[in-house]
Structures are given as structure tokens and as C-alpha cells.
Amino acid sequence: MSASSSLRCWVDFGSNNHLSHEKLVPLPPKIGPSMLSYNSRADFLKLNLYPGLSLLSSLEQSSGKLKPMVPSRKFRQPCALVVRCDHPQNADLPRYYSKKEKKPFPVPIVELRRAARERFKKSRGQPKKPVPPPKTGLIVKSLVPIAYDVLNARVTLINNLKKLLKVVKAHACSYCNEIHVGPVGHPFKSCRGQRASLRNGLHEWTYAIVEDVFLQVDAYHLYDRLGKRISHDERFSIPRIPAVVELCIQAGVDIPEFPTKRRRKPIIRIGKREFVDADETELPDPVPEVPLKPILTEIPDSEIVAPHDEQETILLAEETLQAWEQMRRGAKKLMKMYPVRVCGYCPEVHVGPSGHKAQNCGAHKHQQRNGQHGWQAAVLDDLIPSRYVWHVPDVQGPPLQRELRSFYGQAPAVVEICVQAGAAVPDQYKPTMRLDIGIPTNLREAEMVV
């Protein structure tokens, strides 16, 4: 066949077993031999780069003459609607860690080493980047308003919890640190306190206070965040304050009762761990700054007044839930810039670049470490413990049953108090609360569940 002669090809239009449906379709006369590329059979079978089109249309698209692409009705597929949710329907309850277990690292050691090697490879031959402000002794000015919000949210949370505990009943065990929010204590045999075997693991419930619901994690107050580490002999001479308050002070909150050193010039590094302060004599005298926001104060217990009606209780519960979320969300942002350390064996927390040297760790096998702490990076629950409690599906209904324990969910104590007071359940706590699980009415019905 000559190159000038017209080219014809067989094209299948949908039938794969009857030749009567096949047609001879002539190619356009403008397509010459210079516009076609002769490929092997394997490459020719792969020319259909446009799914939904016939082979002829695919050749026309690949030849350079673009035509409107009209998908064939035969190859049209229905579009599946996918509903995505950031929170799963149900989630496992928080794991209980024994006192003999070491806390897991937030990021595994293998990942930390791999990331360090990647940073070293990228920085090879590159100029050194300037050190960010927290490591130079200066504060991050953009985080100062967040620090004030976290401090005020903490005070608002404590004041509102004192009022809600006048309406919502909360119980605490006399022998262990477990609490329960509800009209009566739960019947589960989970007590690990003193003489628990004599009571068959049953709790002995008493009334709970704010310190049982919202744990106060204390830490040493540092006058100079970049100064020398606290030694063992200084453990009684340095004041201890709530760790959240110490984090806010280091982030820029000024409290007259707890002074701290504020630098106006970055430090000068001499070695890896040695530095000197820059000369600030040429700078004008510092002017006492007015706080960006007024700092709230805690209400004494004698002045606490319970809400008068149901509507006021619901509004108070919503405000408490917002303060809880604002405090945790803001503290998480501050922890990304200002490091917080926690002991891997005990709940000791230190706010600063490196942990203190006080040998007061009394966890499992502390004699082998001479009482020293095993410092590692802290997570948000180390700074602000959530204190998960059992969720009561119906406060007015029957109490929790011991045989139906696997059907109940859990929620943080603060969230459970607000929910029982009338607040809406936040989406991030619904998976662990198991709100969509049907609870059997008796044991016989529970045994029939697959």
C-alpha cells in the first residue's frame, strides 16, 4: 500500500464476538504518513490513553488534533458518594498503664534518629539558620495573647466546676484515685488501692472535690528559663506552682508573685551549653507594661453559689466546656514552642528545655536510678490529665450494671460533668462515649448479642 493511498482500519464499536457489527471507518484524508508513528504491537495496544473513548478517538487525541472529548454512555460509571468523618464511630477506651511500665515516647526513637539524619543531610553545605526566639532567651510575641487566654480559661474552668459540683454529683474512691460522675458510684471491681483484695476490688465512694476532677500538676518555677538546672539540694528552696501557670509565665504572662527574667536582646552562645547575656545598658530603662488582658482570680469556696435554674445550669456547662477546650487547645500550641518534660516513670513534669536534677522519683525500681527522673518529651495529657470516667447514658434511669461493663463508654471527667449538666457532647469525645451502642436491659439480653 502506498503512502499516498487512503488508510483504512478496523474499529470495534462495542461488539466482541459478531463481525456484522464491525464497520470500516476511513481516517481523515489529512492524516498522512508523517503524522502517524509506527510502533510495535505491544505499544499499539497501549495507545488508548483516554478511557471512555474508542480506539479511533484515542488515535485522534494522541495525533495532536484535539477534538471535544465526548465520553461514551456505555463506559459511564456511577460516581460513588464517600462520606468522610474526622472522628471514628467508636474507639477503644484509654489504656491503663501500670506503675511498673515506662511511658511510651511520643515519637519513637527510631523516627527521631531518622529525622535527625535527614536534617543533617539537608543542612550539609548550607548556611546555618538563625535560632528561633525561645532558644535565644526572647519570648514569642505572637503567643503572648494565647498564654493569657490559657491562664484565664484555667481560672474560669475551676470557678465553674465549683458551681457545677453543687448540682452534679461526683464521687471519689477513698483508697484509689478513681472517680465517678453520677448519682451513685459505679459497681465495677476496679479498685487498686490499699486492701483492695479484702473488698474484692470494690470502691468505697465519698464526695469528690474540684481537685479530684481537675488534677493540679505542679512544677518548679524557674526565674531564668535558660539558667542552670535545679540541683537536688535546691528542691525545697524553689517554689512549685501549677505546670500550666508556669508554662504561661514562660510564654509571656507577668505575675508579680512569680517574677521571671525577661531579656530584650538574644543571648550570645559560647559553646553548646554555655552562653552569656547581651549588653543591655545602651537600651532605655524598661517601662512596666500593662497586661494585655486582665488576669482572673479564683473564687473562694465560701463564695460559691450554685446555679438557680436549669437554663442557667446549661449555660454554665457550655461555658465550662468551652473553657476546657480553649485551655487544652492553647496549651498545645504553647508546648510546640516552649518544651515541657515529663518523667517516664512518674507523673513529675518540668517546664523548661531540660529536666531538673532533683532525685525525688519514687516510681518502680527508682533505687537503680538513684531517684533520678527519666526525662522525655511530654504530651498534652501529661500537662493536663483528662481523668477518664465511665459515661452514664441516662442519669434518671437505672445505675450502671456490673455485667454490662463492655457496653458502656468513657469520657473525661470535666466533659462528663458538663454533659450531665445539659451541655451538648463534642464530636471528638463521641467515639469513646459509645453513644450509638444499644445497651441491653438485662444479662439475658446481653448474652444474645453477637
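Description of the structure in this document. (Residues numbered from 1 in each chain as written. Predicted model: local features only at pLDDT ≥ 70, side-chain atom pairs only at ≥ 80, totals over all residues. Heavy atoms only, no water.)

This next bit is on helix α9 (residues 413–420). A large share of α9 lies buried, amounting to 8 of its 8 residues. Along α9, the residues that are buried comprise Ala413, Val414, Val415, Glu416, Ile417, Cys418, Val419 and Gln420. (Buried < 20%, exposed > 50% of the residue type's maximum accessible area, 1.4 Å probe, protein only. Helix = DSSP H or I, 4+ residues; strand = E, 2+ residues; numbered from the N terminus.)

Overall, antiparallel pairing links the 3 strands, which are arranged β11-β10-β12 in an open sheet. The two strands at the open ends of the sheet, each matched to only one other strand, are β11 (349–351) and β12 (375–377). On average, each strand axis in the sheet is tilted by 35° relative to the strand beside it, whichever way the strands run. The sheet contact formed by strand β10 (residues 340–343) and β12 spans 3 bridges and is antiparallel. Looking at β12, one finds that Arg341 is bridged to Ala377. Strands in contact with helix α6 (residues 243–250) are β10 and β11; relative to β11, the strand with the most contacts, it is inclined by about 15°. (Pairing = 2+ DSSP bridges. Axes fitted to C-alpha atoms, helices over the stretch in contact; angles between N-to-C directions. Contact = heavy atoms within 4.5 Å.)

Time to look at a positive patch on the surface. Taken together, Arg113, Arg117, Lys121 and Arg124 make up a surface patch of like positive charges. By the secondary structure assignment, Arg117 is in helix α3 (residues 109–123). Arg117 sits in the partly exposed class, given a relative accessible area of 47%. (Patch = residues over 30% accessible without salt bridge, like charges linked within 9 Å, V, L, I, M, F, W, Y side chains within 5 Å. Areas by Shrake-Rupley, 256 points an atom, 1.4 Å probe, with all protein chains shown as cover. Salt bridge = Lys/Arg side-chain N within 4 Å of Asp/Glu carboxyl O. Lys, Arg positive; Asp, Glu negative; His and termini not counted. Charge placed at Lys NZ, Arg CZ, Asp CG, Glu CD.)

We now examine empty space enclosed by the protein. Throughout the structure, instances matching the rule amount to 1 cavity of 30 Å³ or more. Estimated volume of the largest cavity: approximately 40 Å³. Lining the largest cavity, in full, are Arg154, Phe214, Leu215, Gln216, Val217, Pro242, Ala243, Val244, Leu383 and Ile384. A breakdown of the residues in the lining of the largest cavity according to their chemical character gives 8 nonpolar, 1 polar and 1 charged. (1 Å grid on protein atoms, 1.4 Å probe; cavity = no way out; pocket = protein on both sides within 12 Å on 5 of 7 lines; lining within 4 Å. Points joined across faces, edges and corners; volume = space filled by probe spheres on them. Nonpolar A, V, L, I, M, F, W, Y, C, P; charged D, E, K, R; others polar.)

With that settled, consider the packing of aromatic side chains. All told, the structure shown has 2 aromatic pairs when counted by the stated rule. Measuring from centroid to centroid gives 4.9 Å for Phe188 and Trp390, while their planes differ by 65°, and the two rings are edge-to-face. Of the two residues, Phe188 sits in the loop between β4 (179–181) and β5 (205–207) while Trp390 sits in strand β13 (residues 388–390), which places them 202 residues apart along the sequence. Accessibility classification places Phe188 together with Trp390 in one group, the buried group. Residues Phe188 and Tyr408 carry aromatic rings whose centres are separated by 6.3 Å and whose planes lie at 40° to one another, so their mutual orientation is tilted. Placement of Phe188 in the loop between β4 and β5 and of Tyr408 in the loop between β13 and β14 (410–412) is noted, with a sequence separation of 220 residues between them. Comparing Phe188 with Tyr408 shows no difference in burial state: the two are buried. A network of ring pairs unites the aromatic residues Phe188, Trp390 and Tyr408 as a single cluster. (Phe/Tyr/Trp six-rings, centres within 6.5 Å; stacked < 30°, edge-to-face > 60°.)

Pairing between the strands of a sheet comes from backbone hydrogen bonds, and it takes one of two forms, parallel or antiparallel. The strand order across the open sheet formed by 3 strands is β4-β3-β5, and the pairing between neighbours is antiparallel. Each end of this open sheet is capped by a strand with a single partner; those strands are β4 and β5. Adjacent strand axes in the sheet meet at a mean angle of 35° when their direction is disregarded.

Next up on the list: α3. Taking 1.5 Å per residue, 15 residues should reach 21 Å; α3 reaches 21 Å between its end C-alpha atoms and fits that length. Of the residues flanking the end of α3, it is Gly125, one or two places downstream, whose phi is positive at about 80°. (Expected span 1.5 Å × (residues − 1).)

Moving on: the pattern of salt bridges. Applying the stated criterion across every chain, the model contains 14 salt bridges. Linked through salt bridges whose partners overlap, the residues forming this network are Asp224, Lys261, Arg263 and Asp277.

Scanning all chains against the criterion turns up 0 disulfides. As a non-bridged cysteine, Cys173 has Cys176 as the owner of its nearest cysteine sulfur, 3.5 Å distant. Unpaired in this structure, Cys191 has its nearest cysteine sulfur neighbour in Cys176, at a distance of 3.9 Å. Here Cys191 falls in the buried class, since its relative accessible area comes to 7%. (Disulfide = S-S within 2.5 Å.)

A few words now on the nonpolar core. Among the nonpolar cores identified, the biggest contains 64 residues, and Trp324, Leu383 and Ile384 are the most heavily contacted of them. The residues touching Ile384, leaving out its near neighbours within four places in the chain, are Phe214, Val244, Trp324, Met327, Arg328 and Ala331. Ranked by size, the runner-up nonpolar core spans 7 residues in total, among them Trp390, Leu400, Tyr408 and Ala446. (Core = buried A, V, L, I, M, F, W, Y, C linked by side-chain atoms within 4.5 Å.)

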